[in-house]
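Okay, here's what each chain looks like letter by letter:
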Amino acid sequence: MERISKLGIFGGTFNPIHLGHLRAGEEVYRRARLDKILFIPAYIPPHKKQVNIAPAEDRLAMLRLALAGRQEFVPSAIEIEDQRTSYSIYTLKKIKRLYPQAEPFFIIGVDAFLEIETWKDYEHVLEESNFLVMSRPGYRLAEVKEILPNRWQSRIAWLKEEEKESRFSSDYTIYLVEINALPISASEIRDKVRRGESIAHLVPPAVADYIHRHHLYQDGL
Ligand code: ATP
C-alpha cells in the first residue's frame, strides 16, 4: 500500500498557466514539504465572469508543456473529464477516492481564498482538507482571519520558512504562506497577446509558442 503522502491540489482556470503559478507552486512545494502537486484546470470555472476562456483542451495542453520534465508537478484532467462546473467539493471527493492514502492540501492564492464563502459547500471543503493560502501582490494575507467565521479561527496558522515535519498539526489547518509571488496574472497575458505585445517574460517558451500557433486570445473581452 502506498504510504501517506502530502498531496498539493492546485486548481485554477490556467487561462493560460504562467510563471506566477509555477513560482508559487515551487515555493509551497518546498516550504510545506509536499510530495506532489496536481495542477487541475477547471472545466467550467464557477467564479470567473470572463468570456475569453480558451477551450479546456488547450488550457490542459499548455499546462502539460509548462510542467514537462518535473516529476513532482502533475497535470490532471480530473475536472475536465467531468465536463461540468468545477466545484472544489466535487474535486476533493474525487481526489479522496483516487488517492485514499494522501493528505490533501488545497493550494490557493489569497485573492481566490477571500471568496471562499461563495463556494458550494465551502465549510465541508474546509473540514476535509488543509489549505495553503499564498500571498499575492495587492492582497493582505491577514484578511483571511477577518473573513472567516469564529469557528475556523483556531485552525488558521502561519507557515514559517521551512516547516519541520513534526510542526504540522494533526488537524486540518489553513496555513497562511507568505511567498515571493510574481506580479503576473493571466488577464495581463491575454491583454498583451491581443495587443500584439511580447509575453516571453511571463510564460514558459513552449506556452508562448502554443498560444501563437493556436491563435489563442487574439480577440474577445
Ligand atoms: P486571471 O488573471 O484570469 O484572473 P490568474 O492569473 O489569477 O487569472 P488563475 O488560473 O485564476 O490565474 O489562478 C489559479 C490560482 O493561482 C488562484 O488560486 C490564484 O490566486 C493563484 N495565482 C495566480 N497567479 C498567481 C501569482 N502570480 N502568484 C501567486 N498565486 C497566483
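Starting from 1, residues in each chain are numbered consecutively following that chain's sequence as written. Thresholds applied to this predicted model are a pLDDT of at least 70 for local features of residues and 80 or more for the giving and counting of side-chain atom pairs; totals over whole chains, interfaces and linings are not thresholded and use all residues. Side-chain numbers come from the whole structure's heavy atoms, not from hydrogens or water.

Draft legend 1. Structural detail: empty space enclosed by the protein. Cavity: a set of points on a 1 Å grid over the protein atoms alone where a 1.4 Å probe fits but cannot get out. Pocket: an open set with protein on both sides within 12 Å along at least five of seven lines, its lining residues, like those of a cavity, having an atom within 4 Å of a point. Grid points are joined across faces, edges and corners, and a volume is the space filled by probe spheres set on the points. If you walk through the whole model with that rule in mind, you get one cavity of 30 Å³ or more. Strands here mean DSSP runs of E at least two residues long; helices mean DSSP runs of H or I at least four residues long; both are numbered from the N terminus. Listed by contribution, the elements that provide at least two residues to the lining of the largest cavity are α3 (78-82) and α4 (88-98). Under this grouping Gly is polar, as are all residues other than the nonpolar Ala, Val, Leu, Ile, Met, Phe, Trp, Tyr, Cys and Pro and the charged Asp, Glu, Lys and Arg. Split by residue class, the lining of the largest cavity holds three nonpolar, three polar and four charged.

Draft legend 2. Here's a closer look at the packing of helix α2 (residues 56-67) against helix α9 (residues 205-213). Where α2 meets α9, the closest approach of the two axes is 8 Å, and the angle between their N-to-C directions is 155°. When the interaxial angle is binned, α2 and α9 end up roughly antiparallel. Classified by chirality, the crossing of α9 by α2 is right-handed. Between α2, through E57, D58, A61, M62, L65 and A66, and α9, the contact on the second element is made entirely by A206, V207, Y210 and I211. Its residues placed into classes, the contact of α2 with α9 shows eight nonpolar, no polar and two charged. For helices, the fitted axis covers only the stretch in contact; all axes are lines through C-alpha atoms, and the angles between them, taken along N-to-C directions, range from 0 to 180 degrees. Each angle receives one of four descriptions, namely roughly parallel if under 35 degrees, roughly antiparallel if over 145, roughly perpendicular if within 65 to 115, and oblique otherwise. Crossings are classed by handedness, with left-handed meaning an anticlockwise turn of the near helix from the far one by less than a right angle and right-handed meaning a clockwise turn. Throughout, a residue-residue contact means that at least one pair of heavy atoms, one from each residue, lies within 4.5 Å.

Draft legend 3. Spotlight on the sheet that holds strand β7 (residues 174-177). Strand pairing is assigned whenever DSSP identifies at least 2 bridges connecting the two strands. With parallel pairing, the seven strands of this open sheet are ordered in space as β3-β2-β1-β4-β5-β7-β6. The open sheet has two edge strands with one neighbour each: β3 (73-75) and β6 (156-158). Strand-to-strand, the axes of this sheet are offset by a mean angle of 25°, without reference to chain direction. As judged from the three bridges shared by β6 and β7, these two strands associate in the parallel manner. Each residue of the ladder has a partner; that of W158, found in β7, is L176.

Draft legend 4. The arrangement of the pattern of salt bridges in detail. Whenever Lys or Arg places a side-chain nitrogen within 4 Å of a carboxyl oxygen from Asp or Glu, that contact is recorded as a salt bridge. Counted by the stated rule, this structure contains 14 salt bridges. Of the charged contacts, one joins R136 and D111 as a salt bridge, the two residues approaching to 3.0 Å between their closest N and O atoms. Pair noted here: R136 is in the loop between β5 (130-134) and α7 (143-147) and D111 is in helix α5 (residues 110-113), with a separation of 25 residues, a long-range link. Only protein chains enter the accessibility calculation, which uses a 1.4 Å probe; a residue is then buried when its area is under 20% of its type maximum, exposed when over 50%, and partly exposed in between. What makes R136 partly exposed here is its relative accessible area of 29%. The shortest N-O distance in the salt bridge between R195 and E197 comes to 2.9 Å. Given the relative accessible area of 53%, R195 is considered exposed. Take E197: its relative accessible area is 33%, and that puts it in the partly exposed class.

Draft legend 5. Inspection of the environment of H201 at higher detail. Its place among the elements puts H201 in the loop between α8 (186-194) and α9. Taking the C-alpha atoms as reference points, H201 and V177, 24 residues apart in sequence, are found 25 Å from one another.

Draft legend 6. Inspection of unusual backbone geometry at higher detail. Following N15, the chain continues into P16 via a peptide bond in cis, with omega recorded as 5°. Note on placement: P16 falls in the loop between β1 (5-12) and α1 (19-31). One non-glycine residue with positive phi stands out, namely H215, at about 55°. Considering the arrangement of structural elements, one finds H215 in the segment after α9.

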